[in-house]
Structures are given as structure tokens and as C-alpha cells.
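# Residue-level structural notes
Now for the letters of each chain:
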Amino acid sequence: MDRSITDGINFLSKLNGKRILNVAKLLSSYYVSKVMKKPVHWGMPTIVEIEPTTSCNLRCPQCPSGLREFSRETGMLDLTLYKKIIDEISPELVYVILYFQGEPFLNKSFLEFVKYAAQKNIYTATSSNAHYFTDEMAKATVESGLDRLIISIDGTSQETYSKYRVGGDLEKVIEGTKKLLKWKKELNRSTPHIIWQFIAFKHNEHQIPELKKLAKEIGVNELGIKTAQIYDYQTSDNFIPDNNNLSRYKKNADGTFQIKNKLLNHCWRMWRGSVITWDGLVVPCCFDKDATHRFGDVSKQTFTEVWQSNQYNNFRQAVLRSRKEIDICTNCSEGTKVWN
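The following refers to the structure shown. (Residues numbered from 1 in each chain as written. Predicted model: local features only at pLDDT ≥ 70, side-chain atom pairs only at ≥ 80, totals over all residues. Heavy atoms only, no water.)

Quick look at the sheet that holds strand E1 (residues 47-50) now. The nine strands are arranged E6-E5-E4-E3-E2-E1-E9-E10-E11 in an open sheet whose pairing can be described as mixed. Of all strands in the sheet, those with a lone pairing partner are strand E6 (222-227) and strand E11 (296-297), marking the two edges. Here strand E10 (residues 281-283) runs beside E11; their pairing, made up of two bridges, is antiparallel. Looking at the pairing, Val-282 lines up with Gly-296 of E11. On the sheet, helix H8 (residues 170-186) packs against strand E4 (148-152) and strand E5 (193-200) and is oriented at approximately 160 degrees with respect to E5. (Pairing = 2+ DSSP bridges. Helix = DSSP H or I, 4+ residues; strand = E, 2+ residues; numbered from the N terminus. Contact = heavy atoms within 4.5 Å. Axes fitted to C-alpha atoms, helices over the stretch in contact; angles between N-to-C directions.)

For H8, which comprises 17 residues, the first-to-last C-alpha distance of 25 Å matches the rise-based estimate of 24 Å (1.5 Å per residue) to within 8%. Of all the positions in H8, only Leu-170, Val-173, Ile-174, Gly-176, Thr-177, Leu-180, Leu-181, Trp-183 and Lys-184 are classed as buried. Where H8 is buried, its residues meet helix H6 (135-144), E4, helix H7 (158-164), E5 and helix H9 (208-218). With a side-chain oxygen lying 2.9 Å from the backbone nitrogen of Glu-171, the N-terminal cap of H8 falls on Asp-169. (Expected span 1.5 Å × (residues − 1). Buried < 20%, exposed > 50% of the residue type's maximum accessible area, 1.4 Å probe, protein only. Polar contact = N/O pair within 3.5 Å; in protein donor to acceptor, adjacent residues only side chain to side chain.)

Considering all chains together, one arrives at 16 aromatic pairs under this definition. Between Phe-105 and Phe-133, the aromatic rings sit 4.9 Å apart at their centres with planes inclined by 70 degrees, giving edge-to-face as the arrangement. Linking Phe-105 in the loop between strand E2 (95-97) and helix H5 (110-119) with Phe-133 in the loop between strand E3 (123-128) and H6, this pair joins segments that are 28 residues apart in sequence. Each member of the pair, Phe-105 as well as Phe-133, is classed as buried. When the centroid spacing of 6.2 Å and the interplanar angle of 80 degrees are considered together, the rings of Tyr-164 and Phe-239 count as edge-to-face. Of this pair, Tyr-164 sits in helix H7 while Phe-239 sits in the loop between E6 and strand E7 (249-251), placing them 75 residues apart in sequence. Owing to a relative accessible area of 17%, Phe-239 belongs among the buried residues under this scheme. Arg-316 extends its terminal NZ or CZ atom over the ring of Trp-307, reaching a point 4.8 Å from the ring centre. Here the basic side chain of Arg-316 rests over the ring of Tyr-312, its NZ or CZ set 4.0 Å away from the ring centre. (Phe/Tyr/Trp six-rings, centres within 6.5 Å; stacked < 30°, edge-to-face > 60°. Lys NZ or Arg CZ within 6 Å of the ring centre and 35° of its normal.)

Looking along the chain, the bond that leaves Thr-191 and enters Pro-192 is cis, with omega of 5 degrees. By the secondary structure assignment, Pro-192 is in the loop between H8 and E5. One non-glycine residue, Lys-37, lies in the positive phi region at around 60 degrees. On the secondary structure map, Lys-37 appears in the loop between helix H2 (17-36) and E1. In this structure, Asn-188 takes a positive phi of about 55 degrees despite not being glycine. As for its placement among the helices and strands, Asn-188 is situated in the loop between H8 and E5.

Across all of its chains, the model carries nine salt bridges by this definition. Note that Asp-154 and Arg-165 form a salt bridge whose closest N and O atoms lie 2.6 Å from each other. Residue Asp-154 is found in the loop between E4 and H7, and its partner Arg-165 is found in the loop between H7 and H8; the two are separated by 11 residues along the sequence. Judged by relative accessible area, Arg-165 falls into the buried class, the value being 10%. (Salt bridge = Lys/Arg side-chain N within 4 Å of Asp/Glu carboxyl O.)

A few words on H6. Since there are 3.6 residues in each turn of an α-helix, residues three or four apart along the chain are aligned in direction. Every buried residue of H6 is listed here: Ala-138, Thr-141, Val-142 and Ser-144. On an axial view of H6, the arc spanned by its buried residues comes to 160 degrees, and they lie on one face. Among the residues trailing H6, Gly-145 stands out with phi positive, at a value near 100 degrees. (Arc of directions from axis to C-beta.)

Counting 88 residues, the largest nonpolar core has Ile-50, Tyr-82 and Trp-196 as the members making the most contacts within it. In this structure, Phe-100, Leu-281, Val-283 and Ala-291 belong to the second largest nonpolar core, which totals five residues. (Core = buried A, V, L, I, M, F, W, Y, C linked by side-chain atoms within 4.5 Å.)

On to the environment of Pro-52, then. Turning to its location among the elements, Pro-52 is positioned in the loop between E1 and helix H3 (64-67). Pro-52 sits 227 residues away from Asp-279 along the chain, and the two C-alpha atoms are 9.2 Å apart. In contact with Pro-52, other than residues within four places in its own chain, are Gly-75, Met-76, Leu-77, Leu-98, Tyr-99, Pro-104, Asn-107, Phe-110, Phe-113 and Trp-278.

Read these as spatial facts, not as claims about activity.
Printed below as a string of C-alpha cells:
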């Protein structure tokens, strides 16, 4: 059976009557809101992103975590707070992404996060730079019940890889992947579904054919080619690929760039779920990396109070009115990703 189909079947196995009904509520309220141009919201999140940490071992130049440029504090998600969140929203929750900023495996409780969600039959996913997969950690990761693991690999040579993954070691990424695949085989596990994710830049786009070959040789489940978010795209094209199909920006006649996304005045993300930072702040989506739009704090409130708050609904209304006026929406990639 195709590995992606296997992953899809695994995801669908997390559904039950209550969760399916909740998705129906979210979808219907979303479409009603689009028609009425006012926020109508029924249901609870079906997907949440929870941040294990803002700490990172690398210094990627287009990442606030790598650049150490956060205005918010750096820290580690506490297991007690995590369990509080999951306990409240797990009846309707289908999918938890244990990643926002930082390197998740730096949090020593990370695999406990995975196990706790897995016990409640929630699909778990994360993204890692794969520098911490010793043989022991690789085995523990496979045993944890993690459903999906995205591994960042932005080059097939150390020179190319380290131009973006500053401080990174490509050999550790490849060897860590091999250890994970070895333990999946030895433990007879179909999970985690391992995806190599390649962010396309000007300096690495030529290596995509080599990466496809390497991914096939090693046996990862899937290879994803992703467009890059560039913070200074209006003033610099140092990272923007020459291949227009690999970029979320288009070049104007005067040499400047603009985002391809038309920024239509609706966004499913505002209805389907939230992002929760390591210290409990609830923010609209993964584009609010510095948590500037804060709807509440689940370390002090219930999630339901935040989810149904005036602050949250006011933001949904702003999205329906004009996304171009919302700072975090102006660099949104929704609809401009490339997957191979």
C-alpha cells in the first residue's frame, strides 16, 4: 500500500462521531460567516498547534527563533499546562501539531506530550531539524506513538545545507533519519510517517533532483518541497528562488517582489483551530510568530473562554473585512506551497 495512503488511513482512524460532528459545525459556521461577512462560530478546534519551546540549536536567517529576535520570552512548555489544555479540548480534537517555533526535541518532556495525546487517540505531528536522534532517542520516538515527523533538510551538501541551517550538520540529519527508519522496521511500526521537507531558496533549488534521488535511496515516506517565507522580500531577493514555481513571491516589472497570494477576505484557519505558545498564550495562526495578537492565556483561563472571547471574534471579523490590513496576513502563504 502507498505510504501516504497508510498515513491517511491512520489519520481517519482518529475520527469518531463527536469529532466528525464538530468538523461539520466548524465548516458550516465558516461558510455561513463567509456569506454573512460576520463571524459565526460553532464548535471547538479540530486542529491545534502547541509550542514545546522557542529555543533552537540552529541560527536560520529567516527565523525569529534562529535569529534570537523574539520580543516574547524563550522557555519550555510545562507538562502540567499541556495536559490541562489537552484534557479540555481532546473530545473534539483530531490533530495536534507539537511545533510552532524552536526545536521541539529540546524540551525533555516532548515525548510525554506525544504519548499523552496518543492515549486520547489524537493524531500527533511535529517538525524537527533532526540533530538529536541518537539511537536511543530514535527508538523512543518510534515507540511514543508520534504519527508524523517532518524533518528539515534544505540541501544535499553540507555547504548548501548550512547556508540556511546555520550551525547545522547535514550528516546528523541523514543519520538520524536512518536510525528512525531502522527502528520503525525493527519494531514493525508504520509510524511516524517521515517527511523530508526541503525549503526552496535561490542557493539550493538546483539540488532538488539530487534530493529526490537521496530520499528514494534512504526510504523516507514522503518528500515535500516548500516555498520559503522571506521577511525582507520587498527589499532583497537573496533567498528568493529563480524558479517562479518554487516561490511564493512574483517579480514585478520594476524588479520588486510581491506575494502571489491574493489575500481573499476569509481564512479557514480562524475557524478550525488555534496556536498556543509554550507559556499558554492563544494566537491566531503560525504566522504570528511573535504572538502579537493575543486572545487570552490558557494558563489562567479555560481554552473555551478564549476561543469564544470577544477578542477572538473581533479578529475573525477583521479577517472577513480586510486581510490586507492585518500585519500577519500580508506574508501568508496559504495556497502557495509546492509539494512533490
